[in-house]
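# What the coordinates show
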Amino acid sequence: MSVDEKSALRALIRRDEEALEWFIGRYAAYVSTVVYNIIGKIMTVSDVEEVASDVFLVFWENADKVRFDKIKAYLGGIARNLAKAKTREHSQDIPLEDDVIIIFNGDPEHATLQKEQAIMINQALLSMQHPENEIFIRHYYYYQPVAQISEEMGINISTVKTKLRRGRDKLRKILEKRGYDDGNKNFRFDGQYSG
Amino acid sequence: MMEIKISDLMDNIQDDTVQMKIQNTVSSDRIKEVTMKKLLHQNSSAQRRIKKLSKTSLIAAVLAATLAISALAAGLTYWVQKQAELRGILGIEGKDIPEYLEYNLKNDGEAVSGDSLNVTVLSTMRNRHYILISPVTAEQAETYEWYYKCEGMIGRSTASLVGDLEQAYDEITQSLMLYVGFYTEQMKLNETQQVTVTLRGSADIDNESEPYVGAEFKITPSITELATTSFTFDDGIVFVNPLTGETGTLFGAEINSIGMSWVFNYDNAEKHVTAYMGSYYRQDLSTDEWEQIMTEYTSWLNAFGDVIRDAVITLSDGSVRDELIAQTGVYLEDGVIKVDVLFNQMVELSSVESMTVNEKTYTPD
């Protein structure tokens, strides 16, 4: 990470608006691409601008919580989540390949489950080799359609779908290993209630 | 029981490994402009601590203080004060906007006690109704989303804050100003028919186990004609869709007190708009067909947006209305596309002097 980015982040924490403009100049194309990939087909360019600008405002408000070697990851995550929230405002769902429904029993443990989920999904991604992990992230994190992944990565569509299926299988195994099947007798990974 | 999707599980990660192909659909300069404008507004709002009262209520308050008479004894009620505040927020104090109707406490808009909220209808602007709800705690005001529905409406709609939270919420009286809107033509209502509206507020409206507050109240939809001022852009402003290479034409605009409608057209417009509007019902389109139509449709809306991006309406006092791009509805009427935009503040129609679009200035028809 360059020295400039580090000092710009320090300036941003001190509420220096020029630092914000600097980061916008540096990351606006990336942020708007993340946003556009999620909402670009169902909303206007004005909506993309709005969400992208909100990303930088969130960054402005939370600069002190951002690691200076993870700025791009942070901005990408905020962009993704704000764009996702925007689709909910308009009651729009982005179609994904088998965006598997997982059913849990027992609300009281939900808070713990969220932390566990972070561990599990990271484990699943680490267990995948390239390009499987990249394909998985492009589709389920960045909401890129299969055709776009195929074009950008130069991999044919059926291979992309196969890699996604393998990624889902690996995620399932990790969930089973972490005891989700044991702790919830009526649960099956494919979302069917087994009684 | 709880359901989670893989895409929701991915909320827990951050990624900077994927090198995505950058889509240059939005310019960095434009994002910078929008962001810094919002930041400026944010900073200005943070400095405002006193709600602006209208001249009427201010004079009355001074009078009451001078005569050592309580505000109630001087004839001012909390209701009237909130109506005055609302006029200030909407920017209509002193303006002649005949479509804006305030409710008389004695006759209309009676406070209705719901299961946990009181609702008072303050005023109406055609199909938009401004309401005051209480009691609302500060936390509820900050975290709750508000939804409403009524007979004839498909699904539910979001009730919006009047202005920003600081303008809409009064911590002393624990009251919150919202507005709800009804497309009466679509709902086939008439102006004598009272409609019962169900309002509900919650931090997570889709979670039945989440605490909520709610109430029912009645409104009388108004379907009176909205006065308009029209602009015709000569023979039309021709613009190109960079994706398809085809041309569309922006014919003109119709301005009213609360917003405006752009009027334009292109080949295939009907196919795109009817596909999008009917998306809840149409089962005959495959995913690929749908994606193709939406890609083309969005490219047309973007091309149209580029033409009107810097358009402004100039009023007789020298002020302008800009940002005429944030659409609230796109629909077909008489064979052309209309794009509706709501103004942040209402305008007095007689004060509309000119409109500048694509660097050319037009006067009303």
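Cut-offs used in this document
Residues numbered from 1 in each chain as written. Chains lettered and ligands numbered in written order. Predicted model: local features only at pLDDT ≥ 70, side-chain atom pairs only at ≥ 80, totals over all residues. Heavy atoms only, no water. Helix = DSSP H or I, 4+ residues; strand = E, 2+ residues; numbered from the N terminus. Buried < 20%, exposed > 50% of the residue type's maximum accessible area, 1.4 Å probe, protein only. Contact = heavy atoms within 4.5 Å. Areas by Shrake-Rupley, 256 points an atom, 1.4 Å probe, with all protein chains shown as cover. pLDDT = per-residue confidence, 0-100. Pairing = 2+ DSSP bridges. Salt bridge = Lys/Arg side-chain N within 4 Å of Asp/Glu carboxyl O.

Turning our eyes to something else, we now look at the overall build of chain A. Per the secondary structure count, chain A includes nine helices and one strand. What you see in chain A, going N to C, is helices and strands ordered as α-α-α-α-β-α-α-α-α-α. Residues counted as buried form 50% of the 195 residues belonging to chain A. If you take every contact in chain A between residues at least 6 apart in sequence, the share linking residues at least 24 apart comes to 65%. Taken as a whole, chain A presents about 9,400 Å² of accessible surface, with 47% of it coming from carbon and sulfur.

The next subject is the confidence of the model for chain A. Residue and element names in this part refer to chain A. On average, residues of chain A carry a pLDDT of 78, and 76% of them reach 70 or more. In this model, residues 103-112 is a region of pLDDT below 50 whose contacts with residues beyond four sequence positions or in other chains number 16 contacts. Predicted confidence for residues 180-195 stays below pLDDT 50, and this span has 28 contacts to residues more than four positions away or in other chains.

Residue and element names in this part refer to chain B. The buried count for strand β9 (residues 175-181) comes to five of seven residues, which makes it a mostly enclosed element. Pairing between strand β5 (residues 128-134) and β9: six bridges, direction antiparallel. Each bridged residue has a counterpart across the sheet, and for Tyr 130 the counterpart in β9 is Tyr 179. In this structure, strand β7 (residues 157-161) lies alongside β9, joined through two bridges in antiparallel fashion. Within the sheet, the bridge partner assigned to Ser 160 lies in β9 and is Tyr 179. Across two bridges, strand β8 (residues 169-170) lies against β9 in antiparallel orientation. Within the sheet, the bridge partner assigned to Asp 170 lies in β9 and is Ser 175. Where β8 folds back onto β9 in an antiparallel hairpin, the turn is made up of four residues, including Gln 174, whose phi is positive at roughly 50 degrees.

Right, let's get into the pattern of salt bridges. Residue and element names in this part refer to chain B. The tally for this structure, following the rule as stated, stands at 23 salt bridges over all chains. Of the charged contacts, one joins Glu 85 and Lys 82 as a salt bridge, the two residues approaching to 3.0 Å between their closest N and O atoms. Taken together, the residues span about one helical turn, with Glu 85 and Lys 82 both in helix α4 (residues 78-90) at a distance of three residues. This pair shows no difference in class: Glu 85 is buried, exactly as Lys 82 is.

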